Amino acid sequence: MDPIVLVHGGAGDIPDSRVAGKLRGSKMAAARAHRLLQAGGSALEAVEAAVVVMEEDESFNAGYGSVLNLRGEVEMEASIMRGSDLAVGAVTLVKDFKHPISIAHRVLTDSPHSLLGAEGAKIFALEKGFKTVPPESLISQNARDALNKFLEHREFGRTEIGAEHEGGVGTVGAVAIDSTGSIAVATSTGGMSGKAVGRIGDTPQIGSGTYADDGVGGVSTTGHGESILKYCLAHSIVKLMEGGLDAGTATKTAVNGMTKRLNNTAGAITLSKSGQVGVHFSSKRMSWAYIRDGKYYYGIEQGEVLSEKFE
Ligand code: ASP
């Protein structure tokens, strides 16, 4: 089995000014994880590494650069799943750690529980040796501007005004298969700009933001969280593949089905167990990238597949 990793940098009405940063960051994340897989790393290590790259990058709504809640605070969420034994780890309402995905990974390996939130996630992280950072150090100017714009119109997903500052999109995710055929998925987000204090979205919820099963495939999602979680989008895609659809058709069917039923947009990236790639979004844009046979494949616009040499 040739290892492969596919990443996304969030679905939504991404303004033109953010396109280049998201494409660059998505390719960098894919490259980091690809090298790790080539060196014999596990799928779980690879998806964490890809997400860590994007959590560090202000172009994405995860880690540093996360969007802000109504009180102007960062409250981050992340989940990770291993398809060989359906092991999961997730955290929510994390305010003062740089890499929520790494804490989620430790929940998977070291906790009898699946999802830890707020104070409990912090206690666990400190016990495992993670260091806190000042919450303000995670806030970017773009996130502040996005919250100010939201406070003017107070409509989630409204983008016709202030698109340059909308910034509320850019959840990140990765799906990988390693050389043993094991699949893993990781997803990390700051949520939605202007969200209520304590709001929990789809990203930390297994089956909504993240799902992996070695017998079928893996999926990471992004988009309108309240819709994604009602539709259990990641699990819906896996179930469609289990029923015989290929990765591309399953991804498109479920994303469009969610949008039709709930009138909000989303995107997803999918790998089938044999390494088929599925990328689909009902939003205006979603950045994604992977590397295969010495070439990057990537895009952000509807129907776009760009490619260039990977060295
Ligand atoms: N799904 C995320 C949330 O609602 C946001 C996003 O993907 O941009 O929390």
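Residues numbered from 1 in each chain as written. Predicted model: local features only at pLDDT ≥ 70, side-chain atom pairs only at ≥ 80, totals over all residues. Heavy atoms only, no water.

Caption draft 1: Region of the structure containing the sheet that holds strand 7 (residues 210-213). Within the open sheet, the four strands sit side by side as 7-8-9-10. Their pairing is antiparallel. At either end of the open sheet lies a strand with only one pairing partner, and these are strand 7 and strand 10 (277-281). Taking the axes of each pair of neighbouring strands and ignoring which way they run, one obtains an average angle of 10° across the sheet. Of the strands in this sheet, strand 9 (266-272) and strand 10 touch helix 9 (residues 247-262), which is tilted by about 20° from strand 10. (Pairing = 2+ DSSP bridges. Helix = DSSP H or I, 4+ residues; strand = E, 2+ residues; numbered from the N terminus. Axes fitted to C-alpha atoms, helices over the stretch in contact; angles between N-to-C directions. Contact = heavy atoms within 4.5 Å.)

Caption draft 2: Structural view of the packing of helix 8 (residues 233-242) against helix 9. At a minimum axis separation of 9 Å, helix 8 and helix 9 run at an interaxial angle of 140°. As far as their axial angle goes, helix 9 and helix 8 are oblique. In the crossing of helix 8 with helix 9, the sense of the turn from one axis to the other is right-handed. Seen from helix 8, the contacting residues are Leu233, Ser236, Ile237, Leu240 and Met241; seen from helix 9, they are Ala247, Ala250, Thr251, Thr253, Ala254, Val255 and Met258. When grouped by side-chain class, the residues that make up the contact of helix 8 with helix 9 number nine nonpolar, three polar and no charged. (Parallel < 35°, antiparallel > 145°, perpendicular 65-115°, else oblique. Left-handed = near helix turned anticlockwise from the far one by under 90°. Nonpolar A, V, L, I, M, F, W, Y, C, P; charged D, E, K, R; others polar.)

Caption draft 3: Representation of the packing of aromatic side chains. Under the defined criterion, the tally for this structure stands at three aromatic pairs. Residues Tyr290 and Tyr297 carry aromatic rings whose centres are separated by 5.3 Å and whose planes lie at 25° to one another, so their mutual orientation is stacked. Between Tyr296 and Phe310 the ring centres are 5.2 Å apart and the planes differ by 85°, which places this aromatic pair in the edge-to-face class. Within this pair, whereas Tyr296 is found in strand 12 (residues 295-301), its partner Phe310 is found in the segment after strand 13 (306-309), the two being separated by 14 residues in sequence. The exposure class of Tyr296 is buried, given its relative accessible area of 12%. Pairwise contacts between aromatic rings join Trp288, Tyr290 and Tyr297 into one cluster. The ring of Tyr296 has Lys27 sitting right over it, with the charged end atom 5.3 Å from the ring centre. Over the ring of Tyr298 we find Lys27; its NZ or CZ atom is 4.2 Å from the centre of that ring. (Phe/Tyr/Trp six-rings, centres within 6.5 Å; stacked < 30°, edge-to-face > 60°. Buried < 20%, exposed > 50% of the residue type's maximum accessible area, 1.4 Å probe, protein only. Lys NZ or Arg CZ within 6 Å of the ring centre and 35° of its normal.)

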